[in-house]
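Spelled out, the chains give:
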Amino acid sequence: MSIRSLLPVLLLALPLTACQRAESPNPPQGEIIATVNGKPIAKSEFDLYIETIERQSGRPIPQEQHAEILDQYISMHLAAEAATKQGLTKRQDVRDQLELARINVIVDAALQDYLDQHPVADEELRPEYDAQVAAMPREYHARHILVDDKEAADEITAALKKGADFAQLAKQRSKDSSSQSGGDLGWFTPDVMVKPFADAVVALEPGQVTEEPVQTQFGWHVIKLEESRASAAPPFEEVKDRVKVLVQRKKLQAYLDELRQSAKIDKKL
């Protein structure tokens, strides 16, 4: 997993372009795979270009296509060299993009190094898993009757208070598609419902009906809560890798917060 995926908001995943290479003052190290106008291209650089294409396309590139791709990469170097000679790298917009890309690469390496130096221990995973499970929303099983106006909803509420059967009234009066099943909405979590409806459901006790109709953009609802339960959590071993990613994110966020606390920052916005 890429280090960038751990902090998607904090890092800018900007692609590096060949124009960066044209300004690099450091000669490449290791095996040289090509030379363009006297400037060598390291095999490690080309391998990274191949890896980038493979990651973006989601498929491996056969070895027999590498020569063709090398020609494409050489063309990129030539275009970058021409752009540099034209002074494009002195334009502010280009300089800004180059600086962002440079920072992105350095931060990527720095955060990966931090995780290497501060690996997540197995004993850190279970507490995070337990915390995530505890934060899972409850699930609710409810029925509702949906009508167009409050007067009709009040009539239904009054009938229910006199002992009318909720499911039967739903079949007779509700305009919702759930009417044929007696207004049964099945199991759901509050976040999938519009807020007024969800708030009303959460406030009910099992078997209780709303005292007053609830208005949403769909109309007026009379709601009955059948039952509620804690959400079923996936087994720890099944989500262990995802829990590790969460712990890594928290470690990185704590590290960045520490850097901010020790820095002198003057913001204009």
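1. Observations concerning the overall build of the protein chain
Within the protein chain, the secondary structure is distributed over nine helices and six strands. Each of the 269 residues in the protein chain was classed as buried or not, and the buried ones make up 32%. Counting only contacts in the protein chain whose residues sit at least 6 apart along the sequence, the fraction spanning at least 24 positions is 67%. As displayed, the protein chain has an accessible area near 17,200 Å², and 52% of this comes from carbon and sulfur atoms.

2. A short note on the packing of helix 5 (residues 125-134) against helix 9 (residues 236-261)
The contact between helix 5 and helix 9 brings their axes to 9 Å, and the two run at 100°. When the axis of helix 5 is compared with that of helix 9, the two are roughly perpendicular. Of the residues in helix 9, those touching helix 5 at Leu 125, Arg 126, Glu 128, Tyr 129 and Gln 132 are Phe 236, Val 239, Lys 240, Val 243, Lys 244, Leu 246, Val 247 and Lys 250. The class makeup of the residues in the contact of helix 5 with helix 9 is seven nonpolar, one polar and five charged.

3. Overview of the packing of aromatic side chains
On inspection of all chains with the given rule, the structure shows five aromatic pairs. With a centroid separation of 6.2 Å and an interplanar angle of 50°, the aromatic rings of Phe 46 and Tyr 73 are classed as tilted. Of this pair, Phe 46 sits in helix 2 (residues 43-57) while Tyr 73 sits in helix 3 (residues 66-85), placing them 27 residues apart in sequence. Comparing Phe 46 with Tyr 73 shows no difference in burial state: the two are buried. When the centroid spacing of 6.5 Å and the interplanar angle of 55° are considered together, the rings of Phe 188 and Phe 197 count as tilted. Under the relative-accessibility criterion, Phe 188 is labelled buried at 6%. The class for Phe 197 is buried, based on a relative accessible area of 3%.

4. Considering unusual backbone geometry
The backbone of Asn 37 sits at a positive phi, close to 50°, despite the residue not being glycine. Assignment of secondary structure puts Asn 37 in the loop between strand 1 (32-36) and strand 2 (39-42). Classification of Asn 37 by relative accessible area gives exposed; the value is 56%.

5. A closer look at the sheet that holds strand 5 (residues 214-216)
Sheet architecture is open: four strands sit in the order 4-3-6-5, paired in antiparallel fashion. Every other strand in the sheet has two partners, leaving strand 4 (184-188) and strand 5 as the edge strands with one partner each. Adjacent strand axes in the sheet meet at a mean angle of 40°, parallel and antiparallel pairs treated alike. Note: strand 5 against strand 6 (residues 219-229), three bridges, orientation antiparallel. Counted as the bridge partner of Thr 216 is Gly 219 from strand 6. Packing against the sheet, helix 7 (residues 166-173) makes contact with strand 3 (139-147) and strand 6, and its axis sits at approximately 45° to strand 3.

6. Examining the pairing of strand 6
Pairing of strand 3 with strand 6 involves nine bridges; the strand directions are antiparallel. Bridging from a neighbouring strand, His 144 pairs with Ile 223 of strand 6. In this antiparallel pair of consecutive strands, strand 5 and strand 6, the connection spans two residues.

7. Let's talk about the pattern of salt bridges
A complete count under the given rule lists 15 salt bridges for this structure. Between Lys 43 and Asp 47 there is a salt bridge, and its shortest N-O distance comes to 2.9 Å. Highlighted residues: Lys 43 and Asp 47, both in helix 2, separated by four residues, approximately one helical turn. A residue is classified by how much of its surface remains accessible, and Lys 43, at 30% relative accessible area, is partly exposed. Between Arg 91 and Asp 93 there is a salt bridge whose closest N-O contact spans 2.7 Å. We classify Arg 91 as partly exposed; its relative accessible area is 41%.

8. Topic: the pairing of strand 2
In terms of strand pairing, strand 1 meets strand 2 through four bridges, oriented antiparallel. Bridge pairing in strand 2 links Thr 35 to Pro 40. Adjacent in sequence and paired antiparallel, strand 1 and strand 2 are bridged by two residues, among which Asn 37 carries a positive phi angle near 50°.

9. What about the confidence of the model for the protein chain?
Close inspection of predicted coordinates is inappropriate in any region flagged by low pLDDT. Of all residues in the protein chain, 90% attain a pLDDT of 70 or more, and the chain-wide mean is 91. Predicted confidence is poor over residues 8-23, with pLDDT under 50, and the contacts of this stretch with residues over four places away or in other chains come to 34 contacts.

10. As for helix 7
The α-helix winds at 3.6 residues per turn, so residues separated by three or four positions along the chain end up facing the same way. Every buried residue of helix 7 is listed here: Phe 166, Leu 169 and Ala 170. Each buried residue of helix 7 lies within a common arc of 105° when the element is viewed along its axis, so the set occupies one face. Close packing links the buried residues of helix 7 with strand 3, helix 6 (150-161) and strand 6. If you check the start of helix 7, you find a side-chain oxygen 3.3 Å away from the backbone N of Ala 167, and it comes from Asp 165.

How each quantity is defined
The residue numbering used here restarts from 1 in each chain and proceeds along that chain's sequence as written. In keeping with the model being predicted, local features are shown solely for residues with a pLDDT of at least 70 and side-chain atom pairs are shown and tallied solely at 80 or more, while totals for entire chains, interfaces and linings include all residues. Hydrogens and water are ignored here; the side-chain numbers use all heavy atoms of the structure. Secondary structure elements follow DSSP: runs of H or I no shorter than four residues count as helices, runs of E no shorter than two count as strands, and numbering proceeds from the N terminus. The buried label goes to any residue with under 20% of its type's maximum accessible area, the exposed label to any with over 50%, and the partly exposed label to all in between, with areas taken from a 1.4 Å probe on protein chains only. Note on definitions: a residue-residue contact is assigned when non-hydrogen atoms from the two residues lie within 4.5 Å. Surface accessibility follows the Shrake-Rupley procedure with a 1.4 Å probe radius. Residue values consider only the protein chains on display as shielding. The angle between two axes is taken between their N-to-C directions and runs from 0 to 180 degrees, where each axis is a line fitted to C-alpha atoms and a helix contributes only its stretch in contact. Note on angle classes: values under 35 degrees are labelled roughly parallel, values over 145 roughly antiparallel, values of 65 to 115 roughly perpendicular, and the remainder oblique. By the convention adopted, Pro, Cys, Tyr, Trp, Phe, Met, Ile, Leu, Val and Ala count as nonpolar, Lys, Arg, Asp and Glu as charged, and the other residues, Gly among them, as polar. Centres within 6.5 Å are what make two rings of Phe, Tyr or Trp a pair, Trp counting through its six-membered ring; a difference in plane orientation under 30 degrees is then read as stacked, over 60 as edge-to-face, and the rest as tilted. Strand pairing is defined by DSSP finding a minimum of two bridges between the two strands. Definition used for salt bridges: Asp or Glu carboxyl oxygen within 4 Å of a side-chain nitrogen of Lys or Arg. Confidence scores per residue from the predictor, reported as pLDDT, run from 0 to 100. Here the arc refers to the set of directions running from the helix axis out to each C-beta atom. Counted as a polar contact is a pair of N or O atoms within 3.5 Å, where, for protein atoms, one must be capable of donating a hydrogen and the other of accepting one, and residues adjacent in sequence contribute only when both atoms are in side chains.

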